[in-house]
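# Secondary and tertiary structure notes
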Amino acid sequence: MKDLDNILNTLTEGEDGYTRRTFLANTGKGILAAATLGSLAACDTNAQQKAPTSPTDKDVHANSITEPIELKEIADPSEKKKEPFPAPEAPDKRVGFALVGLGNLTLGELLPAFGNCKYAKVTALVSGNPEKAQKVAKQYGIPDKGIYNYQNFDNIKNNPDVQVVYIVLPNSMHEEFTVRSANAGKHVLCEKPMSVNSESAQRMINACEKAGKKLMIAYRIQYEPNNQKAKEWTRNKKMGTVKIIDAINTQNQGEPGQWRLKKALAGGGSLPDIGLYCLNTARYLLGEEPVQVNATLFNTPNDPRFKEVEETVFFQLQFPSGALANCTTSYGVHESKRYRCHADKGGYFGLDPAFSYHGLRMEGSQVQDGMEVKINPSAGDKNQFALEIDHMARCVTENKKPYTPGEEGLQDHVIMEAIYESAKTGKPVKLKKIDKIDAFRGTTPDELQIS
Ligand code: NAD
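Residues numbered from 1 in each chain as written. Predicted model: local features only at pLDDT ≥ 70, side-chain atom pairs only at ≥ 80, totals over all residues. Heavy atoms only, no water.

## Details of the overall build of the protein
Along the protein, the regular secondary structure elements total 13 helices and 15 strands. Counting the 451 residues in the protein, one finds 49% classified as buried. Contacts in the protein between residues far apart in sequence, at least 24 positions, make up 69% of those at least 6 positions apart. Here the protein displays about 21700 Å² of accessible surface, and carbon together with sulfur accounts for 51% of that area. (Helix = DSSP H or I, 4+ residues; strand = E, 2+ residues; numbered from the N terminus. Buried < 20%, exposed > 50% of the residue type's maximum accessible area, 1.4 Å probe, protein only. Contact = heavy atoms within 4.5 Å. Areas by Shrake-Rupley, 256 points an atom, 1.4 Å probe, with all protein chains shown as cover.)

Below you can see the structure in the form of structure tokens.
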């Protein structure tokens, strides 16, 4: 009880519109009095989440914890307005995800990103290495019953805590685990590239459709605010019509034995792994689908890394509006991940870096008062993996088609096959003309609507 009084005394009357009286009304002193110090802390967090947005707001409905808490503004009104505070859903209401594959992306980005998620939580891990799985499960508080290997994975159908399986395996394994997940009654979030070819991608769509499960491809760029702003500027013709997009995504691969350099596991080299970002982002910015591709492919002779897959690809995409994308990808030079949209009314804009995990920045140049001025219109630095994962979670709870569904991944495979064909024949390859804008995307979610 003494501890309770200490906590109550820390709630200054009137501070941020939340009073000792409000706290007592929301939590119930009688319940708290019986609690331990540990659960008192939990109750305190809960109480803050349940706090009404204003002291007079008595209409607290079931969902109100996802309304952000508001605190008194301390900055001068001329300063940039701060973002609302995160207001996550209560853990027991979040959608449970199983992560399949505990490699670089899962350990380095995805598991930490769940800490920034508001609607998703990790409830299971699938790995071929039991020691690693145990260790990671302990680190993230995942129960033993949530640990699976590749053989007993199908038992996940009996785990009600898993609603979505997130596949983070080498590309050639995406189809198998998508089909097994759908058959186990789980929705699927699958890493890019969707698979190793368009036939396989189509089978993944069919399997999920047959099972009545959602399939989303993890195109994180399409959920990232700076790329979203570049899409807005392209589509709203902020600097006139974007006629040329110049995109590059390169990185220097090391160890020749890695799966990314094995055709059977990766499906290809730099193109499906990182060149895909140039392709998918050009399609995303314009909302159009290319009608023709042109490509050239190079491998450094005798480099042991490029015996099975390509090192460098230059490719051009021609869109129905006349817009062109000039794309470069390579596994053989230092990292460079950026694009520029060149428009016809006094300016250009783009991102550098554009495709990295963190620190994405929008930049450009604009004529102002007759002078060329550099611009840096950053849209903030949010965790794009968390945004992407939360989107999938909301698609499940709100029963919506993902913004980047299987069809979006399949279309990239169709175009990549045309790129390889053009490189092989040395001739341009035509693609079916598609008039619809955003033809392969799901409904644009509210948070991604163009303003
Ligand atoms: P990784 O090599 O670091 O991890 C792959 C995991 O798969 C490991 O845990 C490995 O043990 C397991 N695995 C199972 N069978 C395997 C086999 N036969 N050979 C090799 N590994 C096997 O790879 P990663 O970088 O985490 O990439 C995994 C997937 O995620 C790929 O599809 C990749 O394209 C995608 N990815 C996406 C992004 C992104 O930004 N969205 C970034 C990196 C990787």
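Moving on, there is more to tell.
## Digging into the pattern of salt bridges
Pairing is possible between side chains of opposite charge, provided their charged atoms come close. Overall, the coordinates contain 18 salt bridges when judged by the stated rule. Put simply, D303 and R305 hold a salt bridge, and the shortest N to O gap is 2.8 Å. An identical accessibility class is assigned to D303 and R305; each is buried. Residues joined in a network through salt bridges with shared partners are R235, R283, E289, E408, D412, D438 and R441. (Salt bridge = Lys/Arg side-chain N within 4 Å of Asp/Glu carboxyl O.)

## What about the site of the ligand?
Around the ligand there are 24 residues in total, and N104, N171, K192, R220 and W259 lie nearest to it. A distance of 3.2 Å separates an oxygen atom of the ligand from a polar backbone atom of G103. Take L105: an N or O atom from its main chain is 3.1 Å from an oxygen atom of the ligand. Burial of the ligand by the protein chains amounts to 80% of its free accessible area of 830 Å². When residues of the shell around the ligand are traced back to their parent elements, those giving at least two are helix 5 (104–114) and helix 11 (270–286). Residues that form the shell around the ligand fall into these classes: 13 nonpolar, five polar and six charged. Taken together, domain 1 (4–63 + 86–220) and domain 2 (222–381 + 406–448) each give at least three residues to the shell around the ligand, which thus spans both. (Near = heavy atom within 4 Å. Polar contact = N/O pair within 3.5 Å; in protein donor to acceptor, adjacent residues only side chain to side chain. Nonpolar A, V, L, I, M, F, W, Y, C, P; charged D, E, K, R; others polar. Domains from an automatic or database assignment.)

## Structural notes on the sheet that holds strand 15 (residues 429–430)
Strand order in the open sheet formed by nine strands is 14-13-12-11-7-10-9-8-15, and the pairing between neighbours is mixed. Two strands close off the open sheet at either side, each with one partner strand: strand 14 (371–375) and strand 15. Pairing of strand 8 (residues 292–298) with strand 15 involves two bridges; the strand directions are antiparallel. The partner of V293 across the bridge, within strand 15, is V429. Packing against the sheet, helix 9 (residues 225–235) makes contact with strand 7 (242–250), strand 11 (336–343), strand 12 (347–351), strand 13 (362–368) and strand 14, and its axis sits at approximately 155° to strand 12. Docked against the sheet, helix 13 (residues 406–425) engages strand 8, strand 9 (312–318) and strand 15, running at close to 60° with respect to strand 8. (Pairing = 2+ DSSP bridges. Axes fitted to C-alpha atoms, helices over the stretch in contact; angles between N-to-C directions.)

## What about helix 9?
Counting buried residues along helix 9, nine of its 11 residues qualify, which places the element largely inside the surrounding structure. Where helix 9 is concerned, the buried positions are P225, N226, N227, Q228, A230, K231, E232, W233 and T234.

## Focus: the nonpolar core
Counting residues in hydrophobic clusters, the biggest one holds 100 residues, and the most contacted among them are F97, F315 and L317. With nine residues, helix 11 is the single largest residue contributor to this core. Counting the residues that make up this core, at least three belong to each of domain 1 (4–63 + 86–220) and domain 2 (222–381 + 406–448). Apart from the residues lying within four places of it in its own chain, the contact partners of L317 are L279, A282, P290, Q292, V293, A323, L324, A325, C327 and I415. I274, F306, V309 and Y331 belong to the second-largest nonpolar core, a separate cluster that totals five residues. (Core = buried A, V, L, I, M, F, W, Y, C linked by side-chain atoms within 4.5 Å.)

## Considering the pairing of strand 13
Where strand 12 lies against strand 13, five bridges are found, and the strand directions are antiparallel. In the sheet register, Y348 faces strand 13, and the bridge partner there is S365. In terms of strand pairing, strand 13 meets strand 14 through five bridges, oriented antiparallel. Across the sheet, Q368 pairs through a bridge with M371, a residue of strand 14.

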